[in-house]
Amino acid sequence: MVKMKHKKIRMTRQRGVILEELRAVKTHPTADEMYEKVKKRIPRISLATVYRNLEVLCGLGVIQKLDITGRQKRFDADTSNHYHIKCIKCGKVDDLYSARPDAIEKAVEDHRGYEVLGHRLEFEGICPKCREAGGKEPDTQ
Ligand SMILES: [Zn+2]
Ligand SMILES: [Zn+2]
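As the structure is a prediction and not an experimental result, all values here were calculated from the model.

## Digging into helix α3 (residues 47-60)
- With 14 residues, α3 ought to run about 20 Å at 1.5 Å a step, and its terminal C-alpha atoms sit 20 Å apart, in line with that.
- Every buried residue belonging to α3 is among Val50, Asn53, Leu54 and Leu57, and all of these are buried. End-on view of α3: buried residues confined to an arc of 105°, all on one side of the axis. Turned more than 90 degrees from where α3 packs its buried face, Ala48 and Gly59 sit exposed.
- Of the surrounding elements, those touching the buried residues of α3 are α1 (13-23), α2 (31-39) and β2 (74-76).
- Downstream of α3 by a residue or two, glycine 61 has a phi angle that is positive, lying close to 80°.

## With respect to the nonpolar core
- Ile18, Leu22, Ala31, Met34, Tyr35, Val38, Val50, Leu54, Leu57, Val62, Ile63 and Phe75 together form the largest nonpolar core, which totals 12 residues.
- Every element with two or more residues in this core is listed here: α1, α2 and α3.
- Filtering out sequence-adjacent residues up to four positions away, valine 38 remains in contact with Val17, Ile18, Glu21, Ile45 and Val50.

## Focus: the confidence of the model for the chain
- Averaged over every residue, the pLDDT of the chain is 89; residues scoring 70 or more account for 89%.
- Looking over the chain, one finds the lowest element-wise mean pLDDT in helix α4 (residues 101-112), namely 92, and the highest in α2, namely 97.

Rules used in this analysis
- Residues numbered from 1 in each chain as written.
- Chains lettered and ligands numbered in written order.
- Predicted model: local features only at pLDDT ≥ 70, side-chain atom pairs only at ≥ 80, totals over all residues.
- Helix = DSSP H or I, 4+ residues; strand = E, 2+ residues; numbered from the N terminus.
- Expected span 1.5 Å × (residues − 1).
- Buried ≥ 20, exposed ≤ 12 C-beta atoms within 10 Å, placed from the backbone.
- Arc of directions from axis to C-beta.
- Contact = placed C-beta atoms within 7 Å.
- Core = buried A, V, L, I, M, F, W, Y, C linked by C-beta atoms within 7 Å.
- pLDDT = per-residue confidence, 0-100.

This is how it looks when you write it as structure tokens:
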């Protein structure tokens, strides 16, 4: 994950709105979901434009793209190195700040003598809301 904080970015209005909308949520939306949000503020924007701007913002390191299993890439305005957990019932993706990615890499380096360049770890589970709903049929995704 790239860390480039407080870098000066040339921000078009569209890009600014996309960034604002992503920063306003903790849901790790897909490009489609971002499009639905941004469209309310910029009705004439296209999905392709939203997608392109999300990619540009990723390239600049101000947002990150998540490698979470599923058909669509998800985006996160929090660029810190943190894990995610996905609910297998509703598809919700939450942040995990208690498990430390850097601690795991350090442990691997200490144990095997590798220089660790990165790793992927994805948690799956059933979110509190779905647990409460009990034996309800899983949503098809
Ligand atoms: Zn759920
Ligand atoms: Zn996150």
